Amino acid sequence: MKIVVAVKQVPDTESRIRIAPDGRSIAEGEVNWIVSPYDEFAIEEALRIKEKKGGEVVLVSLGPDRAQSALRSGLAMGADSAIHLKDPLFEATDTLGTARALAAAIKPLGADLVLTGQQGVGGDNSQVPGLLAELLDLPQVTVAVKIEVADGKATVEREVEGAHETWETSLPAVVSAQKGLNEPRYASLKGIMAAKKKTIETKDAAALGLDASALVPKVRVAALEGPPARPAVRMIEGDPDTQVKELLRLLHEEAKII
Ligand SMILES: Cc1cc2nc3c(=O)[nH]c(=O)nc-3n(C[C@H](O)[C@H](O)[C@H](O)COP(=O)(O)OP(=O)(O)OC[C@H]3O[C@@H](n4cnc5c(N)ncnc54)[C@H](O)[C@@H]3O)c2cc1C
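The shown structure was predicted, so the numbers you read here are calculated from the model rather than taken from an experiment.

A.B. asks: What's the story with the sheet that holds strand β4 (residues 56-62) in this structure? I'm lost.
C.D. replies: Strand-to-strand pairing in sheets goes through backbone hydrogen bonds, with the strands running parallel or antiparallel. Spatial ordering of the open sheet is given by β9-β8-β7-β10-β6-β1-β4-β5-β11, a layout of 9 strands whose pairing is mixed. Since the sheet does not close on itself, it has two edges, and those belong to β9 (163-170) and β11 (200-203), each with one partner. When the angles between neighbouring strand axes are averaged without regard to direction, this sheet yields 30°. Strands β1 (2-6), β4, β6 (113-117), β7 (140-150) and β10 (173-177) of the sheet are contacted by helix α1 (residues 37-53), whose axis makes an angle of about 150° with β6. Packed on one face of the sheet, helix α4 (residues 95-106) meets β1, β4, β5 (81-85) and β6 and runs near 150° to β4.

A.B. asks: What am I meant to see in α1 here?
C.D. replies: Residues that lie three or four places apart on an α-helix share one face, since the helix turns once every 3.6 residues. For α1, built from 17 residues, the straight-helix expectation of 24 Å at 1.5 Å per residue is met to within 8% by its first-to-last C-alpha distance of 25 Å. Buried within α1 are the following residues: Y38, D39, F41, A42, I43, E44, E45, A46, L47 and I49. Backbone geometry just after α1 places G54 at a positive phi near 80°.

A.B. asks: Is there a simple way to explain the pattern of salt bridges in this structure?
C.D. replies: Once their charged atoms are close, side chains differing in charge can pair, the charge on each being opposite to the other. The final tally for this structure, using the stated rule, is 15 salt bridges. Residues K2 and E56 are paired through a salt bridge, measuring 4.0 Å at the closest nitrogen-oxygen approach. With K2 in strand β1 and E56 in strand β4, this pair connects stretches of sequence that are 54 residues apart. E168 is the salt-bridge partner of K153, the closest N and O atoms lying 3.7 Å from each other. With K153 in strand β8 (residues 153-160) and E168 in strand β9, this residue pair connects regions lying 15 residues apart in the sequence. Of the residues examined, K153 reaches a relative accessible area of 37% and is grouped as partly exposed.

The rules behind the values
- Residues numbered from 1 in each chain as written.
- Predicted model: local features only at pLDDT ≥ 70, side-chain atom pairs only at ≥ 80, totals over all residues.
- Heavy atoms only, no water.
- Pairing = 2+ DSSP bridges.
- Helix = DSSP H or I, 4+ residues; strand = E, 2+ residues; numbered from the N terminus.
- Axes fitted to C-alpha atoms, helices over the stretch in contact; angles between N-to-C directions.
- Contact = heavy atoms within 4.5 Å.
- Expected span 1.5 Å × (residues − 1).
- Buried < 20%, exposed > 50% of the residue type's maximum accessible area, 1.4 Å probe, protein only.
- Salt bridge = Lys/Arg side-chain N within 4 Å of Asp/Glu carboxyl O.

This is a description of form; function is not addressed.
Take a look at the structure:
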């Protein structure tokens, strides 16, 4: 089986995010970059399917130079090879442009299965997997919590409100990973050393047959704002009875949550 995993590099959720002076993007200076956690589930699942069925796992990431470290992390987990999509034209594109570049890179690979995360943490658009399925003309199953592959088909469980759905799809297909699909492995020292020797092929827009018009964003981020500053802590004075009454009053009248 050939399994392709779309891997996005995102800011670590523990990083302190600051808005850049343009008011539309984040200041990257203090950001620590990681593989999007949902994409780690996708990589882990690809490796587990490969371990059962044989085959190969190819990672594809679109991003600037730093995206190579996300690809190296996936290679250290056990993926076989990686493709880095890098071009100044990709840097200001939207989800459609991202999906077009990913689709152009993935199409010639002849994948049996394309795995993605259900959302890229930080951007959280949850659009790329659907766009990718459409551009590749493949069926799609979203938010997978279990994937079984056999006889040219995949059986995929999805978590929906209060229930689990089981879907069957022909392969190839695009399946997006939800939390609960698996527990991603840590890269071993041997894996980290081996990853240094694995190939990362780099492709730009021209190599993918894309011209600038395919990558012009149709939507743009108009503004980015941090959450409002947290109000100062208020201490409630008095004996326990008074404190409880005052707390209930504040929750009811000011916070309006009861
Ligand atoms: C400088 C800059 C300018 C930008 N300008 C715009 C803009 O004008 N308009 C706009 O809409 N967006 C813009 N973006 C956002 C950028 O296009 C996002 O990467 C894209 O929208 C995907 O967002 P997401 O993480 O929310 O994707 P989602 O759809 O939430 O991602 C779901 C899954 O798709 C796959 N995936 C997504 N992105 C990638 C990737 N890059 N490489 C590999 N796999 C991927 C992963 O498997 C991921 O788990 C900009 C980003 C930057 C850094």
